[in-house]
Amino acid sequence: IAQLARFPAESPTPVLRISGDGTIFYANNASRLLLKHLKQLNGRILPDNFSVSFAELLVLNKIHQQEVICGEITYMLTISPQPGEGELNLYAADITERRQAEELNKKSLSLLEATIESTADGILVVDRKGSILCFNQKFINMWRIPAEVMTLDGGKEVQDLMLSQLCESEKFSVKVKEMYKQPKATSFDVLTFKDGRVFERYSQPQQVNGVAVGRVWSFRDITERKQTMQKLEQTMENLRSSNRDLEQFAYIASHDLQEPLRMVANYLQLIDRRYRNKLDQDGVDFIGYAVDGAVRMQQLIDSLLDYSRLQTRKRPFETVNLEQILQRTFRDLEDRIVETGATVRVDPLPKVTGDPVQLALVLQNLVGNALKFRDKNQPEVHIYAEETSACWKISVCDNGIGIEPEHYERIFKIFQRLNNRTDYPGTGIGLAICRRVIERHGGEIGVKSVIGKGSVFWFTLPKRGERQL
């Protein structure tokens, strides 16, 4: 009993001294709950409470441990034989919280395993030392690693198998080592395999109460996506090359056609002046048709040149004052404004970022169309700007003849006309030029219209730090 003196009656740890037949010699106050749940008979603890008899422990001089559940409390009992005295000391440690934590951890691990098994990515969870905690079938399939290698102690072998498949294995090995030196760091990388496969690799810490206890590695096979992107990029490059060739061809063709066409028109006009009196009316009409056709062809070629020059003569973007550009547009269109008696109203316009020459071309086409496509009424043109969080929207509103909704898209295509050339002359390329310019600036262009009441042509320009002044 003297050896139990360090365990006073008030100690929270249950302590008992018993004989080989289970007779209780000593029990402190904390032992009451334990004794309440142990089977007893006449002051003796019955041996069927334990998986081994007290007498056997005395003979073997062997310490025995066993869990005992006492209501809501779980004890870890330690029975220590005292052979020289023929008695045993019994200590009970309350392990309730530990067992609850272990059970919660088991449930969490089961939930984690169920979750990672349902993902499309390959998942590997390791502890701080790199030992394998759990993984999903997708990981094994993606990395082609034998299942028998995926053990708690197989971390090194698994890592070697992974590295052996990569093109830049040394680089990946260094990154892995860096990750374990920085337990709370996250990491992303793209891994290229020797067989051509490509994986995205994510790594993030596994934390419990803010403490990094391990690391989660996830791998996503992007081989097909990568191949698709490469094919798309090649297609885009082919398309860009084709567009450059077409632009160069259009420029050269239209430029080289100008001189012979000019010669045809000049000689036809010369014939008209010299031989008009010697030709009958049909001959005069035929020459007139030919001259008119040559002039229209010249206009089409000039328009095609303008269209091709949008790419060949583009300028770097700069800050552009739309009000100043619009004033120059009005000066260029002054004769037509006076001739039509148009009323033009302009609200404050912003400064934007863009190509000043091309933006001037857009405004000249839109204002020019507002003056051209009019009915018998005096033209009224209103130009204004609206601001959104991402862009400026510029609108040109008129009271002209209007456009049917089914033609909203068609009018922005090259050489597309809706009206006869006699009443409304032109080549049908102006709005195609506008669309190409606005798209180059990263914006959009469109129209809303009501037949007989007018149209609103609008375009947007993304904000790039500009401000209204």
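Residues numbered from 1 in each chain as written. Predicted model: local features only at pLDDT ≥ 70, side-chain atom pairs only at ≥ 80, totals over all residues. Heavy atoms only, no water.

(A) Structural detail: the pattern of salt bridges. Enumeration over the complete set of coordinates arrives at 15 salt bridges. Two residues, Glu87 and Arg17, come together in a salt bridge whose shortest N-O distance is 2.9 Å. Here Glu87, found in strand β7 (residues 87-94), pairs with Arg17, found in strand β1 (residues 15-19); they are 70 residues apart in sequence, far enough to count as distant. Like Arg17, Glu87 is buried. The salt bridge partner of Lys463 is Glu387, with a shortest N-O separation of 2.4 Å. Taken together, the residues Lys463 in the segment after β19 (454-462) and Glu387 in strand β16 (residues 380-387) connect sequence positions 76 residues apart. Using a relative accessible area of 27% as the deciding quantity, one classes Lys463 as partly exposed. By sharing partners, the salt bridges in this structure join Arg17, Glu85 and Glu87 into a single network. (Salt bridge = Lys/Arg side-chain N within 4 Å of Asp/Glu carboxyl O. Helix = DSSP H or I, 4+ residues; strand = E, 2+ residues; numbered from the N terminus. Buried < 20%, exposed > 50% of the residue type's maximum accessible area, 1.4 Å probe, protein only.)

(B) Quick peek at the sheet that holds β7. Within the open sheet, the 5 strands sit side by side as β2-β1-β7-β6-β5. Their pairing is antiparallel. Two strands bound the open sheet, and with one partner strand each, they are β2 (24-27) and β5 (64-70). Neighbouring strand axes in the sheet, compared pairwise and without regard to direction, differ in orientation by 25° on average. Alignment of β5 against strand β6 (residues 73-82), held across 7 bridges, turns out to be antiparallel. Within the sheet, the bridge partner assigned to Val68 lies in β6 and is Tyr75. (Pairing = 2+ DSSP bridges. Axes fitted to C-alpha atoms, helices over the stretch in contact; angles between N-to-C directions.)

(C) How the structure looks around the packing of helix α9 (residues 322-332) against helix α11 (residues 356-372). It is the contact of α9 with α11, at a shortest axis distance of 9 Å, that shows an interaxial angle of 55°. Taken together, the axes of α9 and α11 are oblique relative to one another. The chirality of how α9 crosses α11 is right-handed. Residues Leu322, Ile325, Leu326, Thr329, Phe330 and Asp332 of α9 lie in contact with α11, whose contacting residues are Pro356, Leu359, Ala360, Leu363, Gln364 and Val367. (Parallel < 35°, antiparallel > 145°, perpendicular 65-115°, else oblique. Left-handed = near helix turned anticlockwise from the far one by under 90°. Contact = heavy atoms within 4.5 Å.)

(D) Focus on the packing of aromatic side chains. For the coordinates displayed, the defined rule picks out 10 aromatic pairs. Each ring, one from Phe172 and one from Trp217, has its centre 6.4 Å from the other, and the planes form 80°; the classification is edge-to-face. Of the two residues, Phe172 is situated in helix α6 (residues 169-181) and Trp217 in strand β12 (residues 211-221); the sequence distance between them amounts to 45 residues. Across the pair, exposure class does not vary: Phe172 and Trp217 are buried alike. Taken together, the ring pairs connect Phe139, Trp143, Phe193, Phe199 and Phe219 into an aromatic cluster. Above the ring of Trp458, the side-chain terminus of Lys393 is found at 5.0 Å from the ring centroid. Here the basic side chain of Lys463 rests over the ring of Trp392, its NZ or CZ set 5.5 Å away from the ring centre. (Phe/Tyr/Trp six-rings, centres within 6.5 Å; stacked < 30°, edge-to-face > 60°. Lys NZ or Arg CZ within 6 Å of the ring centre and 35° of its normal.)

(E) Up close: the side chain of His64. Note on placement: His64 falls in strand β5. Relative accessible area serves as the criterion here: at 14%, His64 is assigned to the buried category. Side-chain polar atoms of His64 contact the side chain of Gln66, separated by 3.1 Å. (Polar contact = N/O pair within 3.5 Å; in protein donor to acceptor, adjacent residues only side chain to side chain.)

(F) Inspection of the pairing of strand β18 (residues 445-450) at higher detail. Note: β18 against β19, 6 bridges, orientation antiparallel. Looking at β19, one finds that Val450 is bridged to Gly454. Hairpin geometry of β18 and β19 is characterised by an intervening segment of 3 residues between the two adjacent antiparallel strands and by a positive phi of about 85° at Gly452.

Without other data, these values stay purely geometric and don't point to any function.
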